[in-house]
Structures are given as structure tokens and as C-alpha cells.
Amino acid sequence: MLKPLSWFAALALSAAVVLGAAGTTPAQQPVTLTGAGATFPFPLYSKWSQVYDAERGVRINYQSVGSGAGIRQFMARTVDFGGTDGPMTDEQIRQAGGRPLHVPMVAGAVVPVYNIPGVGTGLNFTPDVLADIFLGKITKWNDPRLLKDNPEAKLPAADIIVARRADGSGTTAIWVNYLSKVSPEWRTKVGEGTSVNWPVGLGGRGNEGVAGLVRQTPNTLGYVELAYAMLNRIPFGNVRNRTGQFIRPSLSTTTRAMEGALRVIPEDYRVFFTDPEGRDVYPIAGFTWILIYGEQPDPVKGKALVDFLLWAVRDGQKYAPPLLYAPIPRSLVARVEGTLRTVTAQGKVLLP
Amino acid sequence: MAGVVLVIMAAMLAALTVGAWPAIRKFGPAFLATSTWDPVAGQFGALPFVYGTLVSSAVALALAVPLGLGVAIFLAELAPGWLRRPVGLLVELLAAIPSVVYGLWGIFVLAPWVRTTLSPPLKATLGFLPLFEGPPLGIGMLTAGLILAIMVVPFIVAVSTEVMRAVPTSQREAALSLGATLWETTRTAVIPYARSGIAGAIFLSLARALGETMAVTMVIGNIPQIRASLFAPGYTIAAVIANEFGEAGGITLAALVFAGLVLFLVTLLVNLVARLLVARMAAGPGLIRE
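Thresholds, definitions, all that
- Residues numbered from 1 in each chain as written.
- Chains lettered and ligands numbered in written order.
- Predicted model: local features only at pLDDT ≥ 70, side-chain atom pairs only at ≥ 80, totals over all residues.
- Helix = DSSP H or I, 4+ residues; strand = E, 2+ residues; numbered from the N terminus.
- Buried ≥ 20, exposed ≤ 12 C-beta atoms within 10 Å, placed from the backbone.
- Contact = placed C-beta atoms within 7 Å.
- Rg over C-alpha atoms; globule rule 2.2 N^0.38 Å.
- Pairing = 2+ DSSP bridges.
- Nonpolar A, V, L, I, M, F, W, Y, C, P; charged D, E, K, R; others polar.
- Axes fitted to C-alpha atoms, helices over the stretch in contact; angles between N-to-C directions.
- Parallel < 35°, antiparallel > 145°, perpendicular 65-115°, else oblique.
- Left-handed = near helix turned anticlockwise from the far one by under 90°.
- Core = buried A, V, L, I, M, F, W, Y, C linked by C-beta atoms within 7 Å.
- Expected span 1.5 Å × (residues − 1).
- Bend = angle between axes of the 7 residues up to and from the residue.
- pLDDT = per-residue confidence, 0-100.

Enquirer: Pulling in residues and values, what's your account of the overall build of chain B?
Expert: Helix and strand content of chain B: 10 helices and 2 strands. Counting from the amino terminus, helix and strand elements in chain B follow one another as α-β-β-α-α-α-α-α-α-α-α-α. Its C-alpha atoms give chain B principal-axis dimensions of roughly 70 × 50 × 35 Å. Residue burial in chain B is summarised as follows: out of 290 residues, 42% are buried. Of the contacts formed within chain B by residues at least 6 apart in sequence, a portion of 77% connects residues at least 24 apart.

Written out as C-alpha cells, the structure reads:
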């Protein structure tokens, strides 16, 4: 009963393979671009791959393995592009060779998420309180410093369980960059980077892991990208900015932070714009970049890559707000287009 | 075939040693005795990971061996045929579930259950022991041991059942004819005869538990610390390699490979001890010793 069916299936499959192979010439084969990196923008890049494949027939395969791993894969040239929210260090750029370019795609906010039974969203956090919680100096939810900023919240006398990233992460890079700016003790004791020596905290894998830990364990405080907090409906807190306002993380407050930073964005776009000056800015946000080499080895793939990135900074931006990422402002788009026009393959510029 | 396996293992050992060489040269045997793991400062010590690996596997075996043997005895001796086959199949299906699915189930179902249902009675009755001190978070060594036990039980059950069923009926009949009850028959005629196979199954499970990665890293908390309490979070060698390998370079990479080499050697050692034990115990069925 089964035998004839399996014979038929095998025949059909081999026929399909032979016809498929015979029908496509190298010029007609769809181009596939592979990338790896940050979990931060993964929801957006997924959406972009779907849309771009439908529009242009170019397949984009992005693996969200964390910014640190993405940078390593990019340096090892095992992927066509990398994704990171923590820019490469000078040492990494030197080791990578070639001319690595950081192309900003969108910006996102990193928010403090928590799970306290009986307490809703919108708890207020000051910078020093956040730093001291992550340093292990504030250990209980009903600490006087937390109560002072949240007089109406019913904070329990429970230990704060900290959740952080176990893997190398650009979300971490943005978070610890902010903590280093607001806490001298954090800067000297722990420092910055995609991985640090955490004084306290359970480790989760990816934004998903930290979100899972916070959702499942009461009295936990962690940090995730805004999209993860909102889509998973995890309560998240407000952070006080330099002007003294407690700001709710949102698209608009992230965009304002980015606009404020436009003046100081360097030519290579490697900048953290955490803790900026200005009203109504959310202080913990950052770019997410796509890494490409300025000199592409393969002209066909190189052209597909820069075409995709051009589409991403122009048409792709409209997919960002529904997924809770802040699109980059027009002035920056113009600069990015200029950078993309410097990308060459075999000596020839790829974009006309 | 055996030659090929030996060659592959020797090649793996060589590759691991070469990869770990910078760390071996820098830290030496002190690597296994120190506890700092600091990628920023370049200081690495694998003691918390070795501890975590051994303790989580020990908890897993302590839970899985009695349970697995009990199920195997039931399936081999007591269960009627219409029950043995489905139950046996279901237990073996446990082994087919991917590790990462166990991890997801662990973080969303098992960890909250451990925190709310299993830990409070344990804490109330045995909380005075250092083994159960500290607050139960649900994420920690106990949950990791539990998940490993569930993953390892199918091996013990499958192998032990087969080995026990392979005991010749004449042995059972001999015991029964001397007036033994069913349990006494099992205890004196079947299990001693099947001892070497059961020991083999246990060591196979230990080897699996030592190397298990995804399920463990999702429920153990990933904190490199050494605590006596089962409620405390920890870290295992396999978990730290999985978490940090992606972005490691230079001395960090060498330290991770060194930790991997340690795991490789520990697993080899466990298997070697298992072989010796099995060889000694296979010196004949229980009642008659050579």
C-alpha cells in the first residue's frame, strides 16, 4: 500500500529537481543575501525580507544571533552583512580589514521591564537608581529611593531579581553605555561593550530570553528593546532624562533623542546618543546598523546589497513605526545615500 | 570502523588542544581552580562551570536512576503486553524531543511550577539544610537537574528494559522454583544478571547530562557562581560555550575551547570508569561469583 506511493513520490521529487536545475541559468537564479547579528531589529528585518522578496525577488536571510556574534561573522566574512546595535571598536575595525561601513537603519529604545505582582506599567526610574540596581547596591523593591519616585506604587518588600543578557548584545551595549554615562562607579567598575562582567543578574539569551525571564519570574527587572516589551505586553518603566522629566519610552521620544543627536553624528555614524540634552527625549536609545564592506567582492551580490540598503533607508522606513522602531530623519537618509554611493565592487561604483 | 572512530577522537583532542593552547599557556591548571570569568580583563577560571556541570548532572542522575529503574522493572517484569508496548514507546518518545523545546517548556512551565509548587514545601521542611537555602526563583540548579532527569530517563528505561527482558527465563524459573516472590525474583535473579547493562545505561545517561546545552542554559540562570543551594542559579561548561562562543575572540575564545577540552576529558573519563565498572560486574551473574 505504501510502496507504490513512495515510489511515485520519489519519482516526482527527482523530476522536480532535474527540471528545476535545468530551468534556471545562473543569471536567473534569485540572489540570496545572508546576514547575522542583533536581535534588537529582528522583527523589522523579518518584515523587510518578506516585502523585499515580494517586490524585487531578492531573498534576505537574517539570523538573529546577537550583535557580538554578528560582528564576528561579519569580520570572518561568512555573511554578506552584519547587524549590530553596538558599533565595532577601533580594534575590531582594524582586525576586519577592508573598509567596514556602519549603515544606520532605524533607532530603537531600550526600556527597563519588570514584573511586580500588583504593580502596573509606568514605574519611574532615575538614572542613579537604575545603575545601583544593576550594580547590586539597591536590592529591594521597597528601597526608599524607589519609593520616593513612585509614591503611589505598592512596591513589595521583595528582593529585586535582575535579568540581563548572557550573550553578546548591542542592546546591552546601549544600556551599559547609558549606565556608564550616568554612573561613575559603573564606568570604572564594569564598563561598556557588548559583553560585560555583570555584578548581578540572571542571564537570558537574546531579547527574547530576557523578556521570557522577566515574564515568568516575579519581582524581576530587566532591559529589552521597546518592541519586545510592547508586543509581549510586559510592564515597562519611565526614565528620567537630563532635564528632570520622567519620560515614557515611545516612538516619538526616541525620534526626538535621535534628532537631538543629529548634530554630533560623525561621518562613520558610530555614535551612541544616550542621555542627550533636550526636552521630551527618552535617554536610552540607539541606532541599529547594518555592516557592509566598502569594497564588495562580488559585483552581483554587491549591487543587490546596496540596492536593498537604499530601499531600506527610503521605502523600508515606513514599516518601522508599526513595529515600534523610530525611522531615521530625512537629513540622515541623504547622508546615508551618499555613503552607499561610495561602495564599489572590483573598482567600479555600484550605485549610479 | 573502530579505527575511524579512534582517529576522529584523536583529531578532536588535537584540535581542542591547539585551540585552547593560548589559554593553557596563560592559566595552566589554575584554570580549574579559579572562579573569575572576566572577558573584559582577560581573566578566566572555569571552576564555577565545572561545578555547575557536575552538580546538575548529579541531581539529574539522583532523580532519573531510581525513576528509570523503577519504570524499567515495571515494563520488563510486571506490565502485560498490551501496556508495555505503548508505555515503552511513550517513554522513548521523550528522547525524541529537541533540547531547545525542553528549554522553552522549562522556562514557561517547569520553572514557575518549581517556584510555586515544588520549592515551598521543600523550603518549609528542609530549609535548614544548606542544600535548600536562599529564595527559590524557579530558575536555578534544581530546575536544570529536573529537566536533565526528564531528558535522561528514556535512555535508562529503554536500555534497562531490554537488558532485563534478555535475562533467560530459566534464571527466573530457578528463583521461582526455590520459592521466591516476584520482587525477590527480580531482585536476586534478574537485576544481578542485567547489572552490567544497567550500569552502562546509567553512564550513557551521565554522559548525555554532562553535555546537554540548550535546555540547561535556558533554566539555569547563567550566573558563574558556586553555591551549595540547589535553589541558586549556576552555569555549566556547555552553556557558557553556547552563550559566549558567538562573539568570543583571542584569549576569550581560547578559554572557552579550554573549558570545552575539560568537558571532553571529563566525559571520556566518565566513560572509561563506566567501562571498567561494567567489565568488573560482567564477571558472571549475581549468585555465582568467579
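Enquirer: Kindly report on the overall build of chain A, identifying the contributing residues and their values.
Expert: Looking only at helices and strands, chain A features 13 helices and 15 strands. Relative to its length of 352 residues, chain A is compact, with a C-alpha radius of gyration of 23 Å against a globular reference of 20 Å. By principal-axis analysis of the C-alpha atoms, chain A measures approximately 75 × 60 × 35 Å. In chain A, which comprises 352 residues, the proportion classed as buried is 49%. Pairs at least 24 residues apart make up 73% of the contacts formed inside chain A by residues separated by at least 6 positions.

Enquirer: Any details on the sheet that holds strand β14 (residues 344–345) of chain A? Residues and values, ideally.
Expert: All names here are of chain A. Across the sheet, which stays open at both edges, the 3 strands sit in the order β12-β14-β15 with mixed pairing between neighbours. Two strands close off the open sheet at either side, each with one partner strand: β12 (295–296) and β15 (348–349). Looking at chain direction, β12 and β14 are connected through 2 bridges and run parallel. Within β14, the residue paired with Gln296 across the bridge is Ala345.

Enquirer: Requested: an account of the interface of chain A and chain B, with residues and values cited.
Expert: Every contact between the two is made by 24 residues of chain A and, on the other side, 20 residues of chain B. Within the residue set of the side of chain A that touches chain B, elements represented by two or more residues are α3 (67–75), β7 (202–204) and α9 (206–216) of chain A. For the side of chain A that touches chain B, the element with the highest residue contribution is α3(A), accounting for 4 residues. Across the side of chain A that touches chain B, the residue classes tally to 8 nonpolar, 12 polar and 4 charged.

Enquirer: Outline the packing of helix α5 (residues 141–165) of chain B against helix α7 (residues 182–211) of chain B, supporting the account with residue identities and numerical values.
Expert: Residue and element names in this part refer to chain B. One can describe the packing of α5 onto α7 by two numbers: an axis separation of 8 Å at closest approach and a directional angle of 155°. Between α5 and α7, the angle falls in the class roughly antiparallel. Where α5 crosses over α7, the handedness of that crossing is right-handed. Residues Leu148, Val152, Phe155, Ile156, Val159, Ser160, Val163 and Met164 of α5 lie in contact with α7, whose contacting residues are Val190, Ala194, Gly197, Ile198, Gly200, Ala201, Ile202, Leu204, Ser205, Arg208 and Ala209. Among the residues forming the contact of α5 with α7, the class breakdown is 14 nonpolar, 4 polar and 1 charged.

Enquirer: With reference to specific residues and values, describe the sheet that holds strand β10 (residues 246–247) of chain A.
Expert: Residues and elements named next belong to chain A. Taken in spatial order, the 3 strands make up an open sheet running β5-β9-β10, and their pairing is mixed. The open sheet is flanked by β5 (124–125) and β10, the only strands paired with a single partner. Here strand β9 (residues 238–240) pairs with β10 via 2 bridges, running antiparallel. Along β10, the bridge assignment pairs Arg240 with Phe246.

Enquirer: Got a sec to walk through the pairing of strand β3 (residues 81–84) of chain A? Specific residues and values, please.
Expert: All names here are of chain A. Residues Phe81 and Gly83 line one face of β3 and the alternating positions Gly82 and Thr84 line the opposite face, and both faces are buried. Bridge count between strand β1 (residues 32–37) and β3: 3 bridges; the pairing is parallel. In the sheet register, Gly35 faces β3, and the bridge partner there is Phe81.

Enquirer: With reference to specific residues and values, describe the pairing of strand β6 (residues 161–165) of chain A.
Expert: Residue and element names in this part refer to chain A. With 5 of 5 residues buried, β6 is to be regarded as a mostly interior element. Pairing of β6 with β7 involves 3 bridges; the strand directions are parallel. Of the residues in β7, the one forming a bridge with Arg165 is Gly204.

Enquirer: Describe in detail the nonpolar core, supporting the description with residues and values.
Expert: Residues and elements named next belong to chain B. Residues Ile147, Val152, Ile156 and Val219 are the most contacted members of the largest nonpolar core, which totals 182 residues. No other element matches α5, which puts 18 residues into this core. Other than its neighbours up to four places away in sequence, Ile147 contacts Tyr102, Gly106, Leu110, Ala215 and Val219.

Enquirer: Run through helix α9 (residues 237–244) of chain B, naming residues and quoting values.
Expert: Summarising burial for α9(B): 6 of the 8 residues are buried, a large majority. If you check which residues of α9(B) are buried, you get Ile237(B), Ala238(B), Ala239(B), Val240(B), Asn243(B) and Glu244(B).

Enquirer: Hey, could you go over α7(B) for me, with residue numbers and the actual values?
Expert: The end-to-end C-alpha distance of α7(B) is 38 Å, clearly below the 44 Å that 30 residues give at a rise of 1.5 Å each. The largest bend along α7(B) reaches roughly 60° and is located at Arg195(B).

Enquirer: Quick one: what's the story with the confidence of the model for chain B, residue by residue and with numbers?
Expert: Model confidence for chain B is summarised by a mean pLDDT of 90, while 97% of its residues fall at 70 or above. Note on residues 286–290 of chain B: pLDDT is under 50 here. Beyond four places in sequence and across chains, it has 6 contacts.

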